[in-house]
Amino acid sequence: MNEKIGDILVGTVVRLYPRYAILLFDGGKTGLLHISELSNNYIRNFTALVQVGNIYKVKVIDIDEENDSMRVSVKQLTDAERHRNLPKEHIGEDEVDFSALQTHLSEWINDENQEVNMEGIKLDLGHLVTKIDIASYQEKVNEIHKMIHEGTGLGSDFLGWVDWPENYDQEEFARIQEDAKYVREHFDVLVVCGIGGSYLGARAAIEAIRGLGPAKKPEILYLGQTLDPDYIADTIDYLKTKHFAVNVISKSGTTTETSVAFRLLKDLLEKQLGKEGARKAIYATTDKENGALLTLAKKEGYARYVLPANIGGRFSVLTAVGLFPIAVAGIDIVSMLNGAADARHDFSEPSLEKNAAYRYAVVRHHLYEKEGKTAEFLVTYAPSQVQLGEWWKQLFGESEGKDGKGLLPASVTFTTDLHSMGQFIQDGKKTFFETTIRVNKSRRLLTVGKDEENLDGLNFLAGKDLSEIQQKAFEGTVEAHTVTGRNDNLILEVEEMDGYHLGYLFYFFMKACAMSAYLNGVNPFNQPGVEVYKKNMFHLLGKPGY
Ligand code: PA5
């Protein structure tokens, strides 16, 4: 390699990961720019600063002769080096605009300063009716924090999600991005075939970020989550007219709902595309070493991704289980993992003053144990967030609902459900509290027009944007429920529903859930109760061995 340590080069970002970028230089050499080499200040959101296609001036800090690649740094450039123009041959055919680079650098510094104290979400406890001495739980929280981080608690074989945003499989991540691009470009529909933790996270993310508007390409459909003959037959009929791919997801590989649907989908694909064509349209996410689906996927030669053995289904949204379908839907999974990595960083200390996930866990535990609350409503304000509520219900319901304990996790969508459940929540028996997710920025803007006749009496809203109207509905509801209704209300403020913030939110809830379940004295990571119906069903269906 001609380059040596200390050389200054200009390269283009060609691939982006949550914590580093790959730059391409003249002559085809590549360099790795790690988040820690971007600036001396703490950088929260790497992928908000670095984009594919950006051009950076960097210093070579390490050389790997064997792999013909380099490690490069922006922060190790001296001021003089930053300002020095490079000879033109180093720059490549297109002239690089150094003034733009300088502007970027100053933006980075500003962004960092603004962001250091900003959480991906804000937990507002200002609407609690109950006075809670949160600090009094610190000792207990310290103990449990140790259990989570040292793997000494019940179910400690399932803690792989804790460091996953840093320890994810990078080779698989790159494959997921490439395969997702292929599916987006070659198919009309992706069918996500899975149930419970093997599909809820993907659906929550896709709907929350993409919205529920007219179907976008590729359309994402869900099967394998029901045994309802009408839904399955209708979906299969619809697919007969479509060019579709399937992502079958099952850790055990024996889940009845998923296996039955997959058999039907595979049959249809083989009829439509032949065996070889079907093989290229099927992507399987399975356990690494065990299970019927793994055996089938290996035999048929499907593209495969892994659900790690140490991550349970409901904690798996940030693995291939969620990431592949989410990426096919066109959502930025780099940002999503980046948001999760920032949450991991933010919730890595036990201090209840700093750790919002643990504060949330403590408050819900206190309301459950000391105030006798039996249910928690997760409140969202968008139909596209209904599935986020479903994901959250599984996370907390399956993790805490055992040994005769646990809050009932319920979800409502306002303002829709203010016209149904609103009465109970305002005036009913006070056995519950509310946790409201408030997203500050909507994707779309729509203004109410003025009508000369004003027969509907709505001119008082003319000129107002719908988000402004919804904001007032939110403020009015919180006040009604807390001041008049005396409900405890925790508010989780999220800046916007994009990959970064949802990745952050997913991790926030998972960390809070582990803490909360341990505070209740149960194993957060098993689900013995779900086996009972399966045994009965298998017995009734005559499955061998039941
Ligand atoms: O969280 C869980 O463990 C469950 O919801 C499972 O994900 C669900 O039952 C599907 O299991 P499998 O992936 O083995 O098909």
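This is a predicted model, so every value here is computed, not measured. (Residues numbered from 1 in each chain as written. Predicted model: local features only at pLDDT ≥ 70, side-chain atom pairs only at ≥ 80, totals over all residues. Heavy atoms only, no water.)

### A closer look at a negative patch on the surface
On the surface, D451, E452, E453 and D456 cluster together to form a negatively charged patch. Taking the relative accessible area as the measure of exposure, D456 reaches 53% and is therefore exposed. (Patch = residues over 30% accessible without salt bridge, like charges linked within 9 Å, V, L, I, M, F, W, Y side chains within 5 Å. Areas by Shrake-Rupley, 256 points an atom, 1.4 Å probe, with all protein chains shown as cover. Salt bridge = Lys/Arg side-chain N within 4 Å of Asp/Glu carboxyl O. Lys, Arg positive; Asp, Glu negative; His and termini not counted. Charge placed at Lys NZ, Arg CZ, Asp CG, Glu CD. Buried < 20%, exposed > 50% of the residue type's maximum accessible area, 1.4 Å probe, protein only.)

### A short note on the packing of helix 5 (residues 138-150) against helix 18 (residues 499-519)
Interhelical geometry of helix 5 versus helix 18 gives an angle of 120° and a closest axis separation of 10 Å. Between helix 5 and helix 18 lies a crossing of right-handed hand. For the pair helix 5 and helix 18, contact is made by K140, V141, I144, H145, M147, I148 and H149 and by K511, A514, M515, Y518 and L519, respectively. Its residues placed into classes, the contact of helix 5 with helix 18 shows eight nonpolar, two polar and two charged. (Axes fitted to C-alpha atoms, helices over the stretch in contact; angles between N-to-C directions. Helix = DSSP H or I, 4+ residues; strand = E, 2+ residues; numbered from the N terminus. Left-handed = near helix turned anticlockwise from the far one by under 90°. Contact = heavy atoms within 4.5 Å. Nonpolar A, V, L, I, M, F, W, Y, C, P; charged D, E, K, R; others polar.)

### A few points about the sheet that holds strand 9 (residues 244-250)
Sheet architecture is open: five strands sit in the order 8-7-9-10-11, paired in parallel fashion. If you trace the sheet from one side to the other, it starts and ends with strand 8 (219-223) and strand 11 (303-306), each paired once. Each adjacent strand pair in this sheet contributes to an overall mean axis angle of 20°, direction not counted. The sheet contact formed by strand 7 (residues 189-193) and strand 8 spans five bridges and is parallel. If you follow V191 over to strand 8, its bridge partner there is L221. (Pairing = 2+ DSSP bridges.)

### A word on helix 13 (residues 333-346)
Here helix 13 contains 14 residues, and its C-alpha end-to-end distance of 20 Å stays within 8% of the 20 Å for a straight helix at 1.5 Å per residue. Listed in full, the buried residues belonging to helix 13 are I333, V334, S335, M336, L337, N338, G339, A340, A341, D342, A343 and D346. Of the residues flanking the start of helix 13, the one acting as N-cap is D332, its side-chain oxygen 3.1 Å from the backbone nitrogen of V334. (Expected span 1.5 Å × (residues − 1). Polar contact = N/O pair within 3.5 Å; in protein donor to acceptor, adjacent residues only side chain to side chain.)

### Observations regarding the pattern of salt bridges
Pairing of side chains with opposite charge becomes possible as their charged atoms draw close. Throughout the structure, instances matching the rule amount to 26 salt bridges. Note that K181 and E185 form a salt bridge whose closest N and O atoms lie 3.5 Å from each other. Separated by four residues within a single helix, K181 and E185 lie in helix 7 (residues 170-186), roughly one turn from each other. An identical accessibility class is assigned to K181 and E185; each is exposed. With its nearest N and O atoms 2.7 Å apart, the salt bridge here joins E276 to R279. In this pair, E276 and R279 both sit in helix 10 (residues 256-281), three residues apart, roughly one turn of the helix. Residue classification places E276 among the partly exposed positions, given a relative accessible area of 44%. Put simply, K266, E270, K275 and E300 are held in one network by salt bridges that share partners.

### A closer look at the packing of aromatic side chains
Under the definition given, this model contains 28 aromatic pairs. A ring pair is formed by Y182 and F187, whose centres lie 6.4 Å apart and whose planes are at 65°; its orientation type is edge-to-face. In this structure Y182 comes out as partly exposed when scored by relative accessible area, which is 35%. You can call F187 buried: its relative accessible area is 4%. With centroids separated by 6.3 Å and ring planes inclined at 90°, the aromatic side chains of F396 and F509 adopt a geometry described as edge-to-face. Residue F396 is found in helix 15 (residues 386-400), and its partner F509 is found in helix 18; the two are separated by 113 residues along the sequence. On the basis of relative accessibility, which here comes to 0%, the residue F509 falls in the buried class. (Phe/Tyr/Trp six-rings, centres within 6.5 Å; stacked < 30°, edge-to-face > 60°.)

### Observations concerning empty space enclosed by the protein
A complete count under the given rule lists three cavities of 30 Å³ or more for this structure. Along the walls of the largest cavity sit W164, Y168, D169, E172, F173, I176, L318, T319, A320, L323 and L337, which together make up its complete lining. Sorting the residues of the lining of the largest cavity by element identifies helix 7 and helix 12 (320-328) as the ones contributing at least two each. When residues of the lining of the largest cavity are assigned to their parent elements, the largest contribution, three residues, is made by helix 7. Classifying every residue of the lining of the largest cavity gives eight nonpolar, one polar and two charged. (1 Å grid on protein atoms, 1.4 Å probe; cavity = no way out; pocket = protein on both sides within 12 Å on 5 of 7 lines; lining within 4 Å. Points joined across faces, edges and corners; volume = space filled by probe spheres on them.)

### Some words on the domain arrangement of the protein chain
Domain assignment breaks the protein chain into domain 1 (8-110), domain 2 (122-153 + 340-519) and domain 3 (164-331). For domain 1 versus domain 3, the separation of C-alpha centres amounts to 36 Å. Counting residues at the interface gives six residues for domain 1 and seven residues for domain 3. Together domain 1 and domain 3 conceal approximately 540 Å² of surface at their shared face, both sides included; 45% is due to carbon and sulfur atoms. (Domains from an automatic or database assignment. Buried area = accessible area lost by both parts, 1.4 Å probe.)

### Some words on the packing of helix 9 (residues 229-239) against helix 10
The geometry of helix 9 relative to helix 10 is characterised by a closest axis approach of 11 Å and an angle of 20° between their N-to-C directions. In terms of orientation, helix 9 lies roughly parallel with respect to helix 10. When you trace helix 9 past helix 10, the crossing you get is right-handed. Here I232, I236 and L239 of helix 9 lie close against helix 10, whose contacting residues are L264, L265, L268 and Q272. Split into classes, the residues belonging to the contact of helix 9 with helix 10 amount to six nonpolar, one polar and no charged. (Parallel < 35°, antiparallel > 145°, perpendicular 65-115°, else oblique.)

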